[in-house]
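Next come the chains, spelled out residue by residue.
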Amino acid sequence: MRFFLVPLLGLLATSQALAVEVDFEGYTRARARLFDDLSLDRSLANAEGTTAYVQHRLWLKPRFLINDHLAVFTEFRGLDGVMWGENPSAGWDPVSGTAYDPMFSDDLAPPLSAGTSSEVAWDAAGSLSGFALWRAWGEVDTDYGRFAFGRMPLHWGMGIWQNDGQGLTSEYGDTVDRLQWQKVIDDVWVQLAVDVNDAGQPYRRDDTWSANAAVGYRAEKLKVGLNTQLRRGSDPGFTLFTGDGALDLTAGNLRVQAEVLGQTGGGDLSTGANGVQLSAYGSALDVGLHSPSLGLGLAAGFASGDRDDTDENMHTFRFDPDYDVGVILFEQPMPVLQAVAITDENGGRSYDQTLIGPQVSNAIFLKPRVWKEVHEGVEVEGSVLWARTAAIPEDWGARSTYGVELAGTVRLHAWDHLELQGSGAAFLPGTYFSGYADTEAGYEHFDQPVYGAQVLSKIDF
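The paragraphs below set out a description of the structure included in this document. (Residues numbered from 1 in each chain as written. Predicted model: local features only at pLDDT ≥ 70, side-chain atom pairs only at ≥ 80, totals over all residues. Heavy atoms only, no water.)

Notes on a nonpolar patch on the surface
Among the surface-exposed residues, Val 188, Val 215, Tyr 217, Val 224 and Leu 226 lie close enough to one another that they form a single nonpolar patch of about 360 Å² accessible area. Elements with a contribution of two residues or more to the nonpolar patch: strand 11 (208-218) and strand 12 (222-233). Structurally, Val 224 is set in strand 12. Using a relative accessible area of 36% as the deciding quantity, one classes Val 224 as partly exposed. (Patch = residues over 30% accessible without salt bridge, like charges linked within 9 Å, V, L, I, M, F, W, Y side chains within 5 Å. Areas by Shrake-Rupley, 256 points an atom, 1.4 Å probe, with all protein chains shown as cover. Salt bridge = Lys/Arg side-chain N within 4 Å of Asp/Glu carboxyl O. Helix = DSSP H or I, 4+ residues; strand = E, 2+ residues; numbered from the N terminus. Buried < 20%, exposed > 50% of the residue type's maximum accessible area, 1.4 Å probe, protein only.)

Looking at the nonpolar core
If you look at the biggest cluster of nonpolar residues, it comprises 46 residues, and the most contacted ones within it are Met 334 and Phe 433. When residues in this core are grouped by element, the largest group, 4 residues, is from strand 15 (residues 276-290). Membership of the second largest hydrophobic core comes to 7 residues, among which are Ala 71, Phe 73, Trp 137 and Met 152. (Core = buried A, V, L, I, M, F, W, Y, C linked by side-chain atoms within 4.5 Å.)

Side note on the pairing of strand 16 (residues 295-303)
One ladder, built from 9 bridges, connects strand 15 with strand 16; its direction is antiparallel. Bridged to Val 287 within strand 16 is Leu 298. Joining the antiparallel neighbours strand 15 and strand 16 is a turn of 4 residues. Alignment of strand 16 against strand 20 (residues 363-375), held across 9 bridges, turns out to be antiparallel. Counted as the bridge partner of Ala 299 is Lys 367 from strand 20. (Pairing = 2+ DSSP bridges.)

A closer look at the packing of aromatic side chains
The tally for this structure, following the rule as stated, stands at 14 aromatic pairs. Between Phe 73 and Trp 137, the aromatic rings sit 5.1 Å apart at their centres with planes inclined by 5°, giving stacked as the arrangement. Placement of Phe 73 in strand 4 (residues 70-78) and of Trp 137 in strand 7 (residues 131-142) is noted, with a sequence separation of 64 residues between them. Relative accessible area serves as the criterion here: at 7%, Trp 137 is assigned to the buried category. Measuring from ring centre to ring centre gives 6.0 Å for Tyr 436 and Phe 446, while their planes differ by 25°; the resulting arrangement is stacked. (Phe/Tyr/Trp six-rings, centres within 6.5 Å; stacked < 30°, edge-to-face > 60°.)

Some points on unusual backbone geometry
Residue Asp 36 is joined to Asp 37 through a cis peptide bond whose omega torsion reads 0°. Along the polypeptide, Asp 37 turns up in the loop between strand 2 (20-36) and strand 3 (51-65). Of note, the amide linkage connecting Met 334 to Pro 335 takes the cis form, showing an omega dihedral of -15°. Tracing the backbone through its elements, the reader meets Pro 335 in the loop between strand 17 (313-314) and strand 18 (337-338). Of note in this structure, Asp 186 is not a glycine but carries a positive phi near 55°. Exposure remark for Asp 186: the relative accessible area of 74% places this residue in the exposed category. One non-glycine residue, Phe 330, adopts positive backbone phi at about 65°. Summarising the element assignment, Phe 330 is placed in the loop between strand 17 and strand 18.

Here's the deal with the environment of Thr 50
On the secondary structure map, Thr 50 appears in the loop between strand 2 and strand 3. Sequence-wise, Thr 50 and Gly 265 are 215 residues apart; in three dimensions their C-alpha atoms are separated by 43 Å. If we skip the residues at most four places from it in the chain, Thr 50 touches Leu 34, Phe 35 and Asp 36. (Contact = heavy atoms within 4.5 Å.)

Some words on a negative patch on the surface
Together, Asp 308, Asp 309, Glu 394 and Asp 395 give the surface a local cluster of negative charge. One can find Asp 308 in the loop between strand 16 and strand 17. Under the relative-accessibility criterion, Asp 308 is labelled partly exposed at 33%. (Lys, Arg positive; Asp, Glu negative; His and termini not counted. Charge placed at Lys NZ, Arg CZ, Asp CG, Glu CD.)

Some points on the pattern of salt bridges
As enumerated under the stated definition, the model contains 19 salt bridges in all. Of the charged contacts, one joins Arg 33 and Glu 171 as a salt bridge, the two residues approaching to 3.2 Å between their closest N and O atoms. Residue Arg 33 is located in strand 2, and its partner Glu 171 is located in the loop between strand 8 (145-153) and strand 9 (175-185); the two are separated by 138 residues in the primary sequence. Note on Arg 33: relative accessible area 4%, which makes it buried. Glu 171 sits in the partly exposed class, given a relative accessible area of 27%. The residue Arg 77 makes a salt bridge to Asp 80 at a minimum N-O spacing of 3.0 Å. Taking relative accessible area as the criterion, Arg 77 reaches 23% and is therefore assigned partly exposed. Linked through salt bridges whose partners overlap, the residues forming this network are Arg 31, Arg 33, Glu 171 and Glu 331.

Right, here's the structure in full:
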């Protein structure tokens with residue numbers, strides 16, 4: 001969508017009106033999910049049972065093109081992660097002094113964010129909430145390169161380290177306050193940047209900041225680059241260095257994407273751990289072979305783990321949570337149980353026995369897949385996701401495999417700008433879960449399968 005906006009305010013003192021071209025980009029998405037049973041043991045009295053919910057996400061990116069050299073970018077998020085049916089508002093009866101029963105109301109109050117009660121859905125100024133400015137930055141094109149400054153998205157390679165959260169199933173998104181310079185010379189580009197990651201207290205020298213340098217080669221069928229970052233936390237004091245190489249190659253019907261990174265550092269952490277030494281590694285590979293009738297692919301990844309989590313040496317690497325691998329595995333925390341006391345904070349869930357979170361960590365995984373267009377605009381895909389631990393602490397015994405996830409997906413390409421996708425999956429727990437036991441709490445042998453389904457609809461423009 002393109003139109004011309006003539007700002008009035010702030011330009012009354014000028015002799016000539018300034019026309020600003022505005023370019024909009026965005027999408028709205030609904031994501032429905034159903035699981036049975038993420039507790040991995042249906043015989044437990046506090047097993048969670050079947051869970052089902054639908055979530056919103058609205059993303060808007062207005063771009064203001066002032067002239068050939070200046071542009072301002074903004075990004076907004078609305079109802080982000082808010083569940084369908086969340087925050088019913090029935091109103092208040094001044095006669096009885098009580099709220100009406102939501103059974104007799106059709107109103108849903110706009111929340112500030114997911115999980116916020118409708119009682120604080122309006123801010124102090126009385127404006128509508130549930131829609132927030134996410135990012136805003138300016139760019140200046142010069143003969144010496146492009147300069148950018150402000151709060152902007154971060155993305156590199158396949159997104160296992162820096163991920164802007166714009167994937168079909170993304171829920172988060174990396175953002176940074178940055179001053180950046182980039183210069184393109186033929187097909188080679190270089191980039192330098194300084195970030196403020198944590199401002200700390202305004203009158204103390206406790207900021208966390210980063211210095212970044214990247215170089216890459218970008219052609220039509222080959223993109224390759226190296227991104228480095230030195231991050232320093234001044235209070236209590238930790239230095240972290242990351243080097244990340246990425247590749248994207250297209251050769252005929254073959255596409256290869258790869259990312260390999262290493263992290264090293266040391267110092268004191270705000271968690272109270274002192275004298276920490278870190279060395280961690282991660283990598284991902286995605287190979288796809290496309291043909292008019294059939295497609296074959298293989299995804300693989302590695303995230304280093306720690307054999308001894310009691311000492312000061314850290315080796316665990318965690319993929320960005322927006323790098324999604326499965327419908328269930330590395331996407332849902334497991335096992336989860338019903339909370340004894342339901343509060344707004346826990347949402348009725350207990351994570352006391354949870355062994356794995358919603359991101360790849362301490363893992364080696366393989367995911368072969370095959371897909372085929374069975375009808376015009378209809379594509380089906382089948383995949384098998386297998387994963388095991390990268391490192392096994394001595395007290396884990398033989399708990400080495402996370403398990404196997406079998407999944408099937410149907411994609412509909414009915415019209416441009418519309419994405420429709422439905423998936424079904426079954427997760428079979430491995431020895432990492434079945435070999436676990438908490439005898440004092442009465443839990444052991446989390447070994448029952450989990451079944452899940454997911455439906456996504458997205459309209460972009």
